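Structural overview
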Amino acid sequence: MALFSWAFPLATPFWALMVLLPKWRRTARIMRSPWVPLLPLVCYFGLALPHFAEWGRAMLRPDLGVLQTLLATPWGAGLVWAHLIAFDLFIARWMYFEARSLDVSPWIVSPILLLTIFLSPFGLVAFLVVRSVRIRSRA
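Reference entry: report on the structure contained in this document.

Rules used in this analysis
Residues numbered from 1 in each chain as written. Predicted model: local features only at pLDDT ≥ 70, side-chain atom pairs only at ≥ 80, totals over all residues. Heavy atoms only, no water. Core = buried A, V, L, I, M, F, W, Y, C linked by side-chain atoms within 4.5 Å. Buried < 20%, exposed > 50% of the residue type's maximum accessible area, 1.4 Å probe, protein only. Helix = DSSP H or I, 4+ residues; strand = E, 2+ residues; numbered from the N terminus. Contact = heavy atoms within 4.5 Å. Phe/Tyr/Trp six-rings, centres within 6.5 Å; stacked < 30°, edge-to-face > 60°. Salt bridge = Lys/Arg side-chain N within 4 Å of Asp/Glu carboxyl O. Axes fitted to C-alpha atoms, helices over the stretch in contact; angles between N-to-C directions. Parallel < 35°, antiparallel > 145°, perpendicular 65-115°, else oblique. Nonpolar A, V, L, I, M, F, W, Y, C, P; charged D, E, K, R; others polar. Left-handed = near helix turned anticlockwise from the far one by under 90°. Expected span 1.5 Å × (residues − 1). Bend = angle between axes of the 7 residues up to and from the residue.

Details of the nonpolar core
If you look at the biggest cluster of nonpolar residues, it comprises 34 residues, and the most contacted ones within it are W15, M18, Y44, L89 and L113. A total of 10 residues in this core trace back to one element, the largest contributor, which is helix α6 (residues 74-101). Among residues more than four places away in sequence, those in contact with Y44 are W55, L79, A82 and H83.

Some points on the packing of aromatic side chains
Tallied over the full model, the rule gives five aromatic pairs. Summarising the aromatic geometry, the rings of W55 and W75 are spaced 6.1 Å apart at their centres and angled 80° between planes, so their arrangement reads as edge-to-face. Here W75 lies in helix α6 and W55 lies in helix α4 (residues 52-60), a separation of 20 residues in the sequence. W75 gets classed as buried once you look at its relative accessible area, which sits at 8%. Seen from their ring centres, W94 and F127 are 5.5 Å apart, and the 80° between their planes marks the pair as edge-to-face. Placement of the pair is W94 in helix α6 and F127 in helix α8 (residues 120-138), with a sequence separation of 33 residues. According to the relative accessible area criterion, W94 is partly exposed, its value standing at 34%. The buried category is assigned to F127, whose relative accessible area is 1%.

Regarding the pattern of salt bridges
Any two side chains of opposite charge can pair if their charged atoms end up close together. As enumerated under the stated definition, the model contains one salt bridge in all. For E98, the salt bridge identified is with R131, shortest N-O distance 2.7 Å. Of this pair, E98 sits in helix α6 while R131 sits in helix α8, and the two are 33 residues apart along the sequence.

Here's the deal with the packing of α6 against helix α7 (residues 106-118)
Between α6 and α7, whose axes approach to 10 Å, the crossing angle comes to 170°. Comparing the axis directions of α6 and α7 gives the class roughly antiparallel. Together, D88, A92, M95 and A99 of α6 and V109, I112, L113, T116 and I117 of α7 make up the contact between the two elements. Of the residues belonging to the contact of α6 with α7, the class tally is seven nonpolar, one polar and one charged.

Regarding the packing of helix α1 (residues 2-20) against helix α3 (residues 38-48)
With their axes 7 Å apart at the nearest point, α1 and α3 run at an angle of 165° to one another. In terms of orientation, α1 lies roughly antiparallel with respect to α3. Considering how the two elements wind past one another, α1 and α3 form a crossing that is left-handed. Between α1 and α3, the residues in contact are L3, W6, A7, L10, A11 and F14 and L39, P40, C43, G46 and L47, respectively.

Some remarks on α1
Compared with an ideal rise of 1.5 Å per residue, which puts 19 residues at 27 Å, α1 spans 28 Å between its outermost C-alpha atoms and is within 8% of the ideal. Taken as a whole, α1 carries its principal kink of about 35° at T12; the proline P13 stands between one and four residues after it. Every buried residue of α1 is accounted for by A7, A11, F14, W15, L17, M18 and V19.

Interpretation note: all reported values are geometric properties and have no functional meaning in isolation.
Okay, structure coming up:
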């Protein structure tokens, strides 16, 4: 499924900027755009729209069996994958700017962003701990 295959590559340049070139002036300028997560969302909408009624019914009345059936389809798995990629990127973008505003070293933030790429809930919690420590140390 082509749209599934494109979701992560569309987000990769943004991740690379935040992780590998966090202090480059163009990174901040590029990442300031609120449209950054839009590219993987193109894949999401491309997968969701043809199945909108079916997906909508499942979301209105969540049922484990129905969700398992939908997620077992190529479009369902691709849809959730694109959703995850877009929202992980959205969260990482926030983390990137929050870390910059708190003057947290990229040596700390970049590994957390890498963790967020693969296991976003763990990355978010790790960042929130670092953020909390940084805020308390500044007070």
